[in-house]
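Chain residues, written in single-letter form:
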Amino acid sequence: MPSFDVVSEADMIEVRNAVDQAKKEITTRFDFKGSSANVEQKEAELTAYADSDFQLTQVKDVLINKLGKRSVDVRFLDEGKIEKIGGDKVKQVIKIKNGLETEAAKKITRIIKDSKMKVQASIQGESVRVTGAKRDDLQAAMAMLRKEVQDTPLEFNNFRD
């Protein structure tokens with residue numbers, strides 16, 4: 001029986017590339033000369049450092065710009081609060097969300113069931129498996145989910161025929 005999985009995962013390789021590009025731009029920009037502005041990545045957590053709140057917003061703008069160019073959806077980012085780390089230096093932890101939250105998974109299954117399509121949806125951990133008798137029904141379900149779910153970045157993988 002044909003099926004696919006609905007997931008919400010950022011491409012971590014592209015995130016690493018975007019962070020590297022952001023670091024390179026921050027070191028070469030004139031307005032960051034002599035400052036401690038930087039971006040670091042540890043697993044699924046980014047940390048932005050700067051000398052002031054304004055400079056921190058500039059660092060985040062550079063990072064978001066680079067993520068956008070690498071086609072990483074910024075809805076994956078979960079910005080923490082701004083913390084002072086001695087003197088006037090500040091940092092902000094930005095977490096990268098991976099996996100569907102239970103509310104989003106329930107919303108996806110409800111949309112599929114309410115659409116009266118000939119497909120079934122079941123929640124499996126941090127993904128939703130959609131199965132159907134025909135491949136065309138699954139492709140129609142994908143198109144409908146892209147249109148209906150705007151608040152969560154969705155990806156469709158594990159398509160089996």
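Conventions and cut-offs
Residues numbered from 1 in each chain as written. Predicted model: local features only at pLDDT ≥ 70, side-chain atom pairs only at ≥ 80, totals over all residues. Heavy atoms only, no water. Helix = DSSP H or I, 4+ residues; strand = E, 2+ residues; numbered from the N terminus. Rg over C-alpha atoms; globule rule 2.2 N^0.38 Å. Buried < 20%, exposed > 50% of the residue type's maximum accessible area, 1.4 Å probe, protein only. Contact = heavy atoms within 4.5 Å. Axes fitted to C-alpha atoms, helices over the stretch in contact; angles between N-to-C directions. Parallel < 35°, antiparallel > 145°, perpendicular 65-115°, else oblique. Left-handed = near helix turned anticlockwise from the far one by under 90°. Nonpolar A, V, L, I, M, F, W, Y, C, P; charged D, E, K, R; others polar.

Chemist: Help me out: how do you make sense of the overall build of the chain in this one?
Modeler: Counting secondary structure elements, the chain contains four helices and eight strands. What you see for the chain is a C-alpha radius of gyration of 20 Å, clearly larger than the 15 Å of a compact globule of 161 residues, by over 25%. With the principal axes as the frame, the chain shows a C-alpha extent of 60 × 25 × 25 Å. Counting the 161 residues in the chain, one finds 39% classified as buried. Here the analysis covers contacts within the chain between residues at least 6 apart in sequence; of these, 60% occur between residues at least 24 apart.

Chemist: What exactly am I supposed to notice about the packing of helix α3 (residues 102–114) against helix α4 (residues 135–148) here?
Modeler: The description of two helices packed together rests on the angle between their axes and the distance between the axes. Between α3 and α4, whose axes approach to 11 Å, the crossing angle comes to 125°. When the interaxial angle is binned, α3 and α4 end up oblique. As α3 runs across α4, the sense of the crossing is right-handed. Taking contact as the criterion, the partners of I108, I111 and I112 in α3 are, on α4, M144, L145 and E148. In the contact of α3 with α4, the residues fall into five nonpolar, no polar and one charged.

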